[in-house]
Structures are given as C-alpha cells and as structure tokens.
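Analysis of the macromolecular model
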Amino acid sequence: MPPTLADYLFIRLHQLGVHSIHGVPGDYNLTLLDYIKPNNLRWVGNTNELNAAYAADGYARIKGLGALITTFGVGELSAINAIAGAYTERAAVVHIVGTPARNVQEGRRLVHHTLNDGEYRRFARMYAEVTAARVNLWDGRVAARQIDEVLRVCLVESRPVYIEVPVDMVDVDVDGNGLDVSITLPEDLPSSAGDALLARIFERVYSAKQPVILVDGESRAMGMVDDIQDLVKATKWPTWTTGYAKGLLDETLPNLHGIYRGNYDSPAVQEFIHQADLILSFGPHHSSSNTFGYSNIPSPDFTTEFTDKRIKLGSELVRDISAKYILSRIVQDIDVSRIATYQPYPGLPRDYLLSFSTVSSDEAISQDRVWCLLANFLRPGDIILGETGTAGHGVREMALPKHARVFTPVTWLSIGYMLPAAQGAALAQEEMITPSSYNGIKDARTILFIGDGSFQMTAQELATIIRHYLNIVVFLINNDGYTIERCIHGRNQVYNDISRWRYLEAPRLFGAGEDTFTASVRTWGELQDVLGEEKLQNGEGLRMVEVVMDKEDAPQGPLATYLQHQKSKEGN
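Residues numbered from 1 in each chain as written. Predicted model: local features only at pLDDT ≥ 70, side-chain atom pairs only at ≥ 80, totals over all residues. Heavy atoms only, no water.

In the annotation of an unreviewed UniProt entry, the entry for the protein chain reads Pyruvate decarboxylase, and the organism field reads Aspergillus puulaauensis. The protein chain has a UniProt comment under Catalytic activity (unreviewed entry) that states "a 2-oxocarboxylate + H(+) = an aldehyde + CO2". As recorded by UniProt, the Sequence similarities (unreviewed entry) comment attached to the protein chain reads in full: "Belongs to the TPP enzyme family." (UniProt positions renumbered as here; feature names shortened; annotations may be inferred.)

Another point: the pairing of strand β12 (residues 310-313). Of the two faces of β12, the one lined by Ile311 and Leu313 is fully buried and the one lined by Arg310 and Lys312 carries no buried residue. Between strand β11 (residues 303-306) and β12, which pair antiparallel in sequence order, lie three residues. (Buried < 20%, exposed > 50% of the residue type's maximum accessible area, 1.4 Å probe, protein only. Helix = DSSP H or I, 4+ residues; strand = E, 2+ residues; numbered from the N terminus. Pairing = 2+ DSSP bridges.)

It is worth spelling out the packing of aromatic side chains at this point. By the definition in use, this model includes 17 aromatic pairs. Both rings, one in Phe272 and one in Tyr342, keep their centres 5.8 Å apart while their planes meet at 45 degrees; by these two values the pair is tilted. Of this pair, Phe272 sits in helix α11 (residues 267-274) while Tyr342 sits in the loop between α12 (323-333) and α13 (367-374), and the two are 70 residues apart along the sequence. Each member of the pair, Phe272 as well as Tyr342, is classed as buried. Centroid distance Trp371 to Phe449: 5.5 Å. Interplanar angle 75 degrees. Geometry classified as edge-to-face. In this pair, Trp371 is assigned in helix α13 and Phe449 in strand β16 (residues 446-451), connecting sequence segments 78 residues apart. Between Arg159 and the ring centre of Tyr87, over which it is positioned, the NZ or CZ distance is 4.5 Å. Here the guanidinium or amino end of Arg445 rests over the ring plane of Phe377, the centre of that ring lying 4.3 Å away. (Phe/Tyr/Trp six-rings, centres within 6.5 Å; stacked < 30°, edge-to-face > 60°. Lys NZ or Arg CZ within 6 Å of the ring centre and 35° of its normal.)

What follows covers unusual backbone geometry. The peptide bond linking Gln343 to Pro344 adopts the cis configuration, its omega dihedral lying at 0 degrees. Its place among the elements puts Pro344 in the loop between α12 and α13. Unusually for a residue other than glycine, Asp320 sits at a positive phi of about 65 degrees. Relative to the helices and strands, Asp320 is located in the loop between β13 (316-319) and α12. Judged by relative accessible area, which is 81%, Asp320 ranks as exposed.

Another aspect to go through is the environment of Gly107. Tracing the backbone through its elements, the reader meets Gly107 in the loop between α5 (102-106) and α6 (122-127). Considering only alpha carbons, one finds Gly107 and Tyr260, 153 residues apart in sequence, at a separation of 58 Å.

To continue, consider the UniProt feature "binding site: Mg(2+)" (unreviewed entry) in the protein chain. In the numbering used here, UniProt assigns the "binding site: Mg(2+)" (unreviewed entry) feature to Asp452, Asn479 and Gly481. Over a stretch of 30 residues, the named residues converge on one spot in the fold, their C-alpha atoms separated by at most 6.9 Å. Mapped onto the elements of the fold, Asp452 is located in helix α16 (residues 452-458). Owing to a relative accessible area of 1%, Asp452 belongs among the buried residues under this scheme. Once you skip the residues sitting within four places of it in the chain, Asp452 turns out to touch Leu476, Ile477, Asn478, Asn479, Asp480, Gly481, Ile498 and Tyr503. Its location among the elements puts Asn479 in the loop between β17 (472-478) and α18 (483-488). Aside from chain neighbours lying at most four places away, what touches Asn479 is Gln367, Thr390, Asp452, Met549, Asp550 and Lys551. (Contact = heavy atoms within 4.5 Å.)

Here the focus is the UniProt feature "domain: Thiamine pyrophosphate enzyme central" (unreviewed entry) in the protein chain. UniProt's feature table lists "domain: Thiamine pyrophosphate enzyme central" (unreviewed entry) at residues 199-296, given in the numbering used throughout. Helix makes up 33% of residues 199-296 and strand makes up 17%, while its end C-alpha atoms are separated by 28 Å.

Read across the open sheet, the seven strands follow the order β9-β8-β7-β10-β11-β12-β13; overall the sheet is mixed. The open sheet has two edge strands, β9 (256-259) and β13, and neither has a second partner. Shown here is a sheet whose adjacent strand axes are inclined to one another by a mean of 15 degrees, direction ignored. Of the pairings in the sheet, the one linking strand β7 (residues 211-215) to strand β10 (residues 278-282) comprises five bridges and is parallel in character. The residue of β10 that forms the bridge with Pro211 is Leu278. Contacts from α12 reach β10, β11 and β12, with the element oriented near 120 degrees to β11. (Axes fitted to C-alpha atoms, helices over the stretch in contact; angles between N-to-C directions.)

Attention shifts here to the packing of α13 against helix α20 (residues 524-531). For the pair α13 and α20, the least separation of the axes is 12 Å and the interaxial angle reads 15 degrees. In this view, α13 runs roughly parallel relative to α20, as classed from their interaxial angle. For the crossing formed where α13 meets α20, the hand is right-handed. Across the interface between the two elements, Arg369, Val370, Leu373 and Leu374 from α13 touch Trp524, Leu527 and Leu531 from α20. When its residues are assigned to classes, the contact of α13 with α20 shows six nonpolar, no polar and one charged. (Parallel < 35°, antiparallel > 145°, perpendicular 65-115°, else oblique. Left-handed = near helix turned anticlockwise from the far one by under 90°. Nonpolar A, V, L, I, M, F, W, Y, C, P; charged D, E, K, R; others polar.)

A few words on the sheet that holds strand β14 (residues 383-386). Reading across the sheet, the six strands line up as β15-β14-β16-β17-β19-β18 and stay open at both edges, with parallel pairing between neighbours. Of all the strands in the sheet, the pair left with one neighbour each is β15 (405-407) and β18 (517-521). In this sheet, neighbouring strand axes are inclined to one another by 15 degrees on average, regardless of whether the strands run parallel or antiparallel. Taken together, the five bridges between β18 and strand β19 (residues 543-548) define a ladder with parallel strand orientation. The residue bridging Ser520 from the neighbouring strand is Glu546, located in β19. Of the strands in this sheet, β14 and β15 touch helix α3 (residues 49-63), which is tilted by about 150 degrees from β15.

Residues Phe10, Leu13, Val94, Ile96 and Phe455 are the most contacted members of the largest nonpolar core, which totals 96 residues. If you tally residues by element for this core, the top one is helix α15 (residues 418-433), at nine residues. Taken domain by domain, the makeup of this core includes at least three residues from each of domain 1 (5-166) and domain 3 (356-571). Ranked by size, the runner-up nonpolar core spans 47 residues in total, among them Leu197, Leu198, Ile321 and Tyr342. (Core = buried A, V, L, I, M, F, W, Y, C linked by side-chain atoms within 4.5 Å. Domains from an automatic or database assignment.)

By the element assignment, Arg445 lies in the loop between α15 and β16. The buried category is assigned to Arg445, whose relative accessible area is 1%. What Arg445 contacts, discounting residues up to four positions off in sequence, is Phe377, Leu378, Arg379, Gly381, Asp382, Ile383, Gln429, Asn471, Gln537 and Arg543.

This is the structure in structure tokens:
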C-alpha cells in the first residue's frame, strides 16, 4: 500500500535524523500534524511560530537538520524572521507550511489568513528571499520526487527550504519506492584540475616559514570540521577561530588559541598573524559582527581560503572544485616531515580559567572576570549559548572543555533567539545522548547565558523547556536594560530601559515545580556558592540563576571600547 504524502515526508525526515518537529498548530496544518506521532516523530509544540523556528534552527545546528510546521500566512510570517537568520548563518531547517486546499486557491476565494484579495502566492515569494529551495506539493504523482529534491538542497546548502502542503494533499497517495533509497549528495570526484590545485597548495604549505590556521563557522555547514581538526592536530600550527566557529574544534589542544579578535586582540597575537606567510582560512563568514569590524580578516596575499563555492589562493579564484574534497586530500597526503615546525612553540595567549581566589567574596560581580570564572562550571559535551549582548561577547572568552559546542552572535543578531535555540539544541542533545552517540558523554547540559532584555523577547519558551523536561541551566544577566545598546549609543536614554521583571518567578509561571532550582547572586562569594550547588550542577530539568551586574559594565573588547568613547565625548 503506497504511503500518503504526509507519511512520505515524515519518514524521510526521520531517515535524515530529525526525530522532533517544532511548530504551532493551525487549521491549515491540523490534519498534517495527525501523521507525526504514527511516523515515530515527537511533536514539540512551541508557544509561537517565531520561537518554533528559532528552536528548529538550534536543533539543526546540533543534529544537522531541523524541521518546523506552521500554518499559512499568519504562522509562516511570524516565523520568517527566524528563517532569515537560519539562512544567514546556515542552519538546515525544513519549513513545512500547511496551506488552503487547491480548489480554494485556484478559485481565489476570500478566506482567513489571507490578505482578502484572492492572491495566494505572496508569502511563498517572500520566502524565496530567505530559503535555498521551495516546493508547492500540488500533484501527488511527482510529490515524492519533489520532497527528495528539496531536502537534498537543504542538506547540500545547509540552509532553510520551504515546503507547501495544501490541506487536500495531506492524505494523497504517493510513490513510496524512493524511501528504500537514501537521499544522495553530490560526490567529490578526483580530477586533473583538482590534482593541479592540490599541488599548488602543497607548494605553499611546504614553503611556509610561519603558517597559521584560521577557522570560521561556515566550515560546519561545509562538513569540514573533522578534517580541519585532523589538520590542526597533524601540523601543530597555531590555530584561531572566529566567534562563529568557537567550539567546533577541541580547544584543549595546545595549539588552539581561541578567537582571533583582530584589532581587539593582544599585540602579540596581532603581530604574529600579521607576520604569517601562510594562512589557511576555512569557511570564512566575513560579516562586520563576526570579524570585529572586519579587523580579523587575514591579508589575501598570504591566505588560502576554502569555501563551498570556491578556493582562493591570494587573489586568484578557483571554482568548480570541492573545498571539502581538497581538504580531505591535504589531510590524507600531507608530509608532516616537510612542514614548518615551531620549536620552541611561541608564547601566544590562550583562553584560561580564573580561580575564585583571585576575587574578593564581597565584591560586586563584574564583566571583566565573570566569564573566565563561569567557565569553571562547564563540562565536556555541554552546549553553551550566549545571547546577543554582553552575554554573547562574554562567552567568547570562555575556555572550553572537550566536545563543548558554543552558539555566539554571528550576523543576524535577532535578540531573543538564544532561549528558543537552547530548547532546540537541548532536545537534539537529549536525542543524541540517549543512544550513546554523544561522544560517550551522559551528563552534558545545555547552558544559556542571556541578558534581561533578550529574555523578555522570548521568555514564554521556558514553558516548552519545562514541558519537555529538558536539561537546561539559564544564567540570566540582569543589568537593567539593553546594555549592548547603551554601549553603542544612548547610554542614559530611556529607550534602552526595560520593565523590571521578577525573573526568578518565571519558571513557576510557566509550569515548573516548586522545587525548581533558582538563585540570585550579586557578589563573587554568592556566585561561588551557587556554582558549587549539587542541584545546579547535576540536577535535572530547568535551573535558573540571576546574575546581577551594573548596567554600564561590559566585557573587554568592542562593547567596552564603544562605551568608553561615549563617556569620553560626554566628558565623564
């Protein structure tokens, strides 16, 4: 008996590793939702569509693919901001939209969730700008092939795709033969052009006297992280990441030096990188916010740059050769006896842990030291999220244990993203831990650092975290408003103020039990005591700590510099 269209779609998603579907019910997707549980998928059920899409993004960045379902019009437009962020930062999200029946659309009937003018294609045209591929499943005879093709694009591009399912197509029978065959991705094949390029790259590698490696976040989307890790280990060359790539590599390696901060880095690091005669740059994402105002982009004269669309040697572009394939050949064929070695290894700074013995217990908590102290709380396998704001800048300073993953602000910077993303990431983490495929780690947690202003954007997603009993620790930075905006402009303006919530009452409002762990800290001594609490470290479900800091306190780097400029202009 052939599968229905809904069965085919959900079986395919399950085959690709998606075991949970985010979203919000609406009358144009209700019959579609009936097929989720029978196909061994979990319905998450978010508090709104924007949060659902944020959560699917977080899920996708951990598992490789995520999915959400919304209803036509009002639901999908609520989600489009998050889908644009997933497109920008390359999260493979499948957005499924339940749409009115085909006869309703063809008859241009004036129904709810439309603009009441009979035009049904506007929303799909909007999504054309923020998705890698789109399909309207209008004909059961070809629907299965269309589903496979759009999912293939999602995986290849690591960007969102958009699938419309009219109500009357949900239970239409489709050709199920494709389900016996895995969705295949383009193969990287040897070629004479590839061999010639590889020889030129090796010429650079073997002649370099001061080589370095710089890793950016698009390397994850390109499927290159494991090979990059092997290259870093084999060469032992000094290696830096961007904020986008922090946590992709093992930061416990002695030649991993954390994030390269460009003009905001130490003089020793800046000088060392400026003197490099070879920079292998992987997965570059050169937005202003990911490059410290473009200051960490390496000199093109000495850079070999690997992207999924091209390889760049200096100013020369080489197209139509897979960077992933070339990198795999480099790792396979490199003769480490011919490469430069650092003996002795240069004394370059690395991210470090601070001890509470370096602070006074009754002193107020401050941004300049809190992140290196909070890093003591982390354990192998943890997922750490730092919301746009002081938290997002702060987590960049944390020394990470093995197998930790980090979400930092990259380019889209939609505040409030990290709370729902933590829900999605924690769900993915739980699914990976259960079959013991999470590097053998059983006690990993998802840890969210979020400011009070960002928290107010998406606070209701705590309800989903609580309902699914996800293992999430929330550190809420209460610094009385939009501190990141105060740093940029208007440090004393009313538009950077927010309502003062009783944040630690939020878990109970959203359904948490009376025994849920909450705490508020203002001093180093209080923070040390709370971090030592057994229930915070090893408890289950949601735990929440409010960390109170001054509203004009910011981590060292761009924010602190912006704030100082403001104070100087104002004569303060």
